[in-house]
Structures are given as structure tokens and as C-alpha cells.
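# Analysis of the macromolecular model
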Amino acid sequence: MHALLLENINSYNDTITALNDFLPFVDNWATCDIMSIKIFRNHLDILPEQLDIWLNSTHTYTIRFAIKMYMTYYLDENFDLSFMTKISKLRSDEYYVNMMIAWYFATALAKQYDSAIKFLEEKKLSGWVHNKTIQKAIESYRITDEQKTYLRTLKCKRTDEA
């Protein structure tokens, strides 16, 4: 309930304050992923500064939330390759962080294929995330059959390759 109430705060600064208070207590992916903070749409020019702070958190779901916000707001008309590069450099032992990175890149393949494919071709992701990204993209209806065939050729045989 708390996560859903955060969506209704009408001030960007108050929303950030409330999220900073709340995110360290999130302990599951469902609570993390349910939040859709609409006020962010009006502040896309300054939001990355806060997202970067969250990316550097020690809390699994704070990091996951930041990646989800990058996926939600910066893979379409506000696409910026530097954000994709930043996320590709993340390394974590946390399953739910790595799953979100894979989900981010699978979505990026659907929305910004020419940019995202380079991260797989150049093995810029950790091995596990690399292969999970390919798996998730192949399962997507937004990826063409031709792209899926090519993605299969990029799988790492060992997850420590990338």
C-alpha cells in the first residue's frame, strides 16, 4: 500500500524524499516493480541525477528501482546511450539486480536495437546477465524472428565470458 501511495505525491522533491525514506525498506521485487511514479515524467531532465544516487545504493531494491526508472523513461524518445552504458557497467551478486539489468537490456533490444545489440556483441555485460538478456529478448514478441536467430549466436558458453 505504501508503494502505491507514493505515486500520488504531487511534488518532485517530496516524492524523492519519500522514496529515499521508503526504498531501503523494500524487500521484494513485487513491491519494487509496482511503483509507477508519474511525477517523474515532468522532471526527466533532472531525474538521472537521483537515479544515479540510487544506482550506487547498497540496497538491492533501491538499485533495481533505479534501473526500472531508466527502463521506463529513457528507452523511448528520451533515449540516451550514456544511460545504457552506465547500466552495462553495473556488477552485482544480487539476483534481483541482475534480473533487472537483463530486463532493461531485453527491453532496450526491443526499443533501441541498434544501440543495445552492441553491448551483447562486445560482451559488455556480465556473463549471466548477457545470457539472461538474450533469453528474455528471445521470449519477447517485440523482437523479430531474424533478430532472435542472431541473438542465439551471441550466447556465452560460460557465464564468466562477458
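Scroll up to find the structure this text is about.
Here we summarise the structure given alongside this text. (Residues numbered from 1 in each chain as written. Predicted model: local features only at pLDDT ≥ 70, side-chain atom pairs only at ≥ 80, totals over all residues. Heavy atoms only, no water.)

## Regarding the nonpolar core
Of all hydrophobic cores here, the largest spans 55 residues; its most connected members are F40, F65 and L151. Contributions of two or more residues to this core are made by α1 (2-6), α2 (12-22), α4 (47-55), α5 (60-73), α6 (81-88), α7 (95-111), α8 (113-121) and α9 (127-138). Sequence-distant contacts of F40, defined by excluding residues within four places in its chain, comprise Y12, T15, I16, L19, L47, W54, F65, M69 and Y73. (Core = buried A, V, L, I, M, F, W, Y, C linked by side-chain atoms within 4.5 Å. Buried < 20%, exposed > 50% of the residue type's maximum accessible area, 1.4 Å probe, protein only. Helix = DSSP H or I, 4+ residues; strand = E, 2+ residues; numbered from the N terminus. Contact = heavy atoms within 4.5 Å.)

## Some points on α2
Because each turn of an α-helix spans 3.6 residues, side chains separated by three or four positions in sequence point in the same direction. Those residues of α2 not exposed but buried are Y12, T15, I16, A18, L19 and F22. Angularly, the buried residues of α2 cover 165 degrees about the axis, an arc narrow enough to put them on a single face. Looking at α2, the residues exposed on the side facing more than 90 degrees away from the buried face are N13 and D21. Where α2 begins, the capping side chain belongs to S11, and its oxygen is found 3.4 Å from the backbone nitrogen of N13. (Arc of directions from axis to C-beta. Polar contact = N/O pair within 3.5 Å; in protein donor to acceptor, adjacent residues only side chain to side chain.)

## Considering the pattern of salt bridges
If you walk through the whole model with that rule in mind, you get five salt bridges. A salt bridge links D52 to K86; the shortest N-O distance between them is 2.8 Å. Here the residue D52 occupies a position in helix α4, and K86 occupies one in helix α6, the gap between them amounting to 34 residues. The exposure class of D52 is partly exposed, given its relative accessible area of 23%. (Salt bridge = Lys/Arg side-chain N within 4 Å of Asp/Glu carboxyl O.)

## Let's talk about the side chain of E7
Checked against the element boundaries, E7 lands in the loop between α1 and α2. We classify E7 as buried; its relative accessible area is 15%. Separated by 3.0 Å, the side chain of E7 and the backbone nitrogen of S36 make a polar contact. Not counting residues up to four positions away in its chain, the partners in contact with E7 are I34, M35, S36, I37 and K38.

## A short note on the packing of α7 against α9
Orientation of α7 relative to α9, taken along the N-to-C sense of each, is 50 degrees, at an axis distance of 8 Å. Classified by the angle between their axes, α7 and α9 sit oblique to one another. Classified by chirality, the crossing of α9 by α7 is right-handed. Every residue of α9 that contacts α7 at Y95, N98, M99, I101, A102, W103, F105, A106 and L109 is listed here: W128, V129, K132, T133, K136 and A137. (Axes fitted to C-alpha atoms, helices over the stretch in contact; angles between N-to-C directions. Parallel < 35°, antiparallel > 145°, perpendicular 65-115°, else oblique. Left-handed = near helix turned anticlockwise from the far one by under 90°.)

## A word on the packing of α8 against helix α10 (residues 145-153)
For the pair α8 and α10, the least separation of the axes is 11 Å and the interaxial angle reads 20 degrees. Between α8 and α10, the angle falls in the class roughly parallel. Pair α8 / α10 crosses with right-handed handedness. Touching Y113, I117, L120 and E121 of α8 are Q147, Y150 and L151, all from α10. The residue inventory of the contact of α8 with α10, partitioned by class, reads five nonpolar, one polar and one charged. (Nonpolar A, V, L, I, M, F, W, Y, C, P; charged D, E, K, R; others polar.)

## Considering the packing of aromatic side chains
Under the definition given, this model contains eleven aromatic pairs. On the basis of an interplanar angle of 65 degrees and a centroid distance of 5.5 Å, the ring pair of W54 and F65 is categorised as edge-to-face. With W54 in helix α4 and F65 in helix α5, this residue pair connects regions lying eleven residues apart in the sequence. Grouping residues by exposure puts W54 and F65 together as buried. Here a set of aromatic residues connected by ring pairs shows up, and it is made of Y61, Y95, Y96 and W128. (Phe/Tyr/Trp six-rings, centres within 6.5 Å; stacked < 30°, edge-to-face > 60°.)

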